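Summary of the model geometry
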Amino acid sequence: MSIYYPADLDTDLEPEHADMIRATLPLVGANIDTIASVFYARMFQARPELLRNLFNRGNQAQGAQQRALAASIATFASHLVDPDLPHPAQMLSRIGHRHVSLGITADQYSIVHDHLFAAIVEVLGAETVTAEVASAWDRVYWMMADTLIDLERRLYEDAGVDAGQVFHRATVSRRVEDPSGAVVIGVIADWHLSDQDQPGRYVSVGTTLPDGARQIRQYSLVTVGADNELTFAVKPVAASGGCPAGEVSTWIADNVRPGDMLDVSIPFGDLPTAEIGSEPVVLISAGIGITPMIGILEHLHHAKSDCEVTVLHADGSPSNHPLMKRQRQLVDALPNATLELWYDRPDHDETAHRGLMDLSNVALPADAQIYLCGSGGFVQAVRAQLTERSIDPARIHCELFAPDEWSLG
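Attention here is on the structure that accompanies the text. (Residues numbered from 1 in each chain as written. Predicted model: local features only at pLDDT ≥ 70, side-chain atom pairs only at ≥ 80, totals over all residues. Heavy atoms only, no water.)

**What to know about the overall build of the chain**
Put simply, the test is: Put simply, DSSP marks the helices as runs of H or I at least four residues long and the strands as runs of E at least two long, and each gets a number from the N terminus on. The buried label goes to any residue with under 20% of its type's maximum accessible area, the exposed label to any with over 50%, and the partly exposed label to all in between, with areas taken from a 1.4 Å probe on protein chains only. In this analysis, two residues are considered to be in contact whenever any of their non-hydrogen atoms come within 4.5 Å of each other. Computed with a 1.4 Å probe, the accessible areas rest on the Shrake-Rupley method; for each residue, only the protein chains presented here act as cover.
Counting its regular elements, the chain contains 11 helices and 12 strands. Of all 409 residues assigned to the chain, the portion counted as buried reaches 54%. Within the chain, counting contacts between residues at least 6 apart in sequence, those at least 24 apart form 76% of the total. Surface summary for the chain: the accessible area is close to 17700 Å², and the carbon and sulfur share equals 51%.

As structure tokens, then:
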């Protein structure tokens, strides 16, 4: 599967639209979080099935989805009126891959448009959102939407499926209880897997929860077997404050057994791993963020790679460390791989560092491709350390399953 970066994006606004966006962007930006919240409330009131069967309820409850929408529109509009700002190609690519993994289709952009613009008028007032203002922001929205629609059309075509038809029924082939509390699930795909040797992809898994809602969660692939078996790991996250965080992972861990059926999507993802192993590789992770790194290590092991591999992982303690045994096995099997660990509580592991990950004394090859996955705070902290070391940002590739993960890399 190809990875598309829409760098040829048409960013030419009509002069009158550009002037209007420039003039109103501060006002819209100051109110964009409120606009996004009102938008989702309006849309879900009119279309409650979207919250039950498409949008992640945990992200909605935490406000993560609202912040993601607000940030993406503001970022896109800012670039249109100031081309010297970073190009939004990576943001659009990340959003597009997420959309196709969920089965988003072009017609749904009109639904978003109608409720979003109603929210803008409700928050800013009809006296502020004049016909000229509305026309300018309408142009911005459809420039962004049309770019995503075209990107998603190409991704669907490349996958050989009709738009939106990405989910298949897959049979659960195995379940492995990891000592960390994570559960590794294997499923047999009944469709042809393309690019089986390219790591870093993820699948969406749809589950029907006890209240009848169909919720979807994305999981990095740990392995893609020649026998069409996909494996991914889930680690339940406790809900808090009435927020249903981690409800899909919890349901899978509590209920799924070999022989069961799951709705699983075709793999997608835009981590640039097609040429991985041709240069030194640095894999940095924390917690369940280890899963795409295990997938990369599995690929390098299968390819009998002799490239330099630096593996760095942080966790609460050895007992919390997901897939620790397999990580050590893969590092030991690769001829030029090293492993460093950081634990809040190292227990009896005298080889591990205590505390937060500190890269100041870690040797990082100057020409390495760096892959990073973990919580938002972890990713931001590590990126800051890499920036301090003058690492080329183009060599840093992040994976983070949050609605606004593109903003972190």
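**Examining the pattern of salt bridges**
What counts, and what does not: Definition used for salt bridges: Asp or Glu carboxyl oxygen within 4 Å of a side-chain nitrogen of Lys or Arg.
Counting across every chain of the model gives 16 salt bridges. A salt bridge links Asp150 to Arg154; the shortest N-O distance between them is 3.6 Å. One end of the pair is Asp150 and the other is Arg154, both in helix α7 (residues 131–159) and four residues apart, which spans about a single turn. For Arg169, the salt bridge identified is with Asp263, shortest N-O distance 3.0 Å. Of this pair, Arg169 sits in strand β1 (residues 167–177) while Asp263 sits in strand β6 (residues 261–265); the two residues are 94 residues apart in sequence, bridging distant segments of the chain. Residue Arg169 is classed as partly exposed on the basis of its relative accessible area, which comes to 44%. Exposure remark for Asp263: the relative accessible area of 17% places this residue in the buried category. Within this structure, Asp150, Arg153, Arg154 and Glu157 form a network of salt bridges that share partners.

**Side note on the packing of helix α5 (residues 89–102) against α7**
Counted only if it meets this: For helices, the fitted axis covers only the stretch in contact; all axes are lines through C-alpha atoms, and the angles between them, taken along N-to-C directions, range from 0 to 180 degrees. By definition in this entry, angles of less than 35 degrees are roughly parallel, angles greater than 145 are roughly antiparallel, angles of 65 to 115 are roughly perpendicular, and the rest are oblique. Throughout, a crossing is termed right-handed when the near helix is turned clockwise from the far one, and left-handed when it is turned anticlockwise from it by less than a right angle.
Remark: α5 packs on α7, axes separated minimally by 9 Å, with the N-to-C direction vectors making an angle of 55°. Classified by the angle between their axes, α5 and α7 sit oblique to one another. When the axes of α5 and α7 are compared, the crossing they make is right-handed. Where α5 approaches α7, its residues Met91, Leu92, Ser93, Ile95, Gly96, His97, His99 and Val100 are matched on the opposing element by Met144, Thr147, Leu148, Leu151, Glu152, Leu155 and Tyr156.

**Describing the sheet that holds strand β9 (residues 337–343)**
Rules: The rule for pairing is simple: two strands pair if DSSP sees at least two bridges between them.
The six strands lie next to each other as β10-β9-β8-β7-β11-β12, forming an open sheet whose pairing is parallel. The open sheet has two edge strands, β10 (353–354) and β12 (396–399), and neither has a second partner. As judged from the six bridges shared by strand β7 (residues 281–286) and strand β8 (residues 309–315), these two strands associate in the parallel manner. Along β8, the bridge assignment pairs Val281 with Val309. Contacting β8 and β9, helix α10 (residues 324–333) crosses the sheet at an angle of about 150° to β9.

**Some words on the packing of aromatic side chains**
Here is the rule: Centres within 6.5 Å make a pair out of two Phe, Tyr or Trp rings, where for Trp the six-membered ring is used; the pair is then stacked when the planes are under 30 degrees apart, edge-to-face when over 60, and tilted otherwise. Only Lys NZ and Arg CZ are tested; either one counts as a charge over a ring when it is within 6 Å of the ring centre and within 35 degrees of the ring normal.
Going through the model one piece at a time under the given rule, you end up with five aromatic pairs. Residues Phe117 and Tyr141 carry aromatic rings whose centres are separated by 6.3 Å and whose planes lie at 90° to one another, so their mutual orientation is edge-to-face. One end of the pair, Phe117, is in helix α6 (residues 108–124); the other, Tyr141, is in helix α7, with 24 residues separating them in the sequence. Overall, Tyr141 belongs to the buried group, its relative accessible area being 11%. When the ring centre of Phe167 is taken as reference, the NZ or CZ atom of Arg214 above it lies at 4.6 Å.

**Concerning the sheet that holds strand β2 (residues 183–188)**
If you walk around this closed barrel you meet the six strands as β1-β2-β5-β4-β3-β6, and the pairing is antiparallel. Sheet twist, expressed as the average angle between the axes of neighbouring strands with direction ignored, equals 45°. For strand β3 (residues 202–208) and strand β4 (residues 214–224), the ladder comprises seven bridges, and the chain directions are antiparallel. Paired with Thr208 across the strands is Arg214, a residue of β4. Against the sheet, α5 engages β1, β3, β4 and β6, with an angle of about 40° to β3. Relative to the sheet, helix α8 (residues 247–255) contacts β1, β2, β3, β4, β5 (229–234) and β6, its axis offset from that of β4 by approximately 65°.

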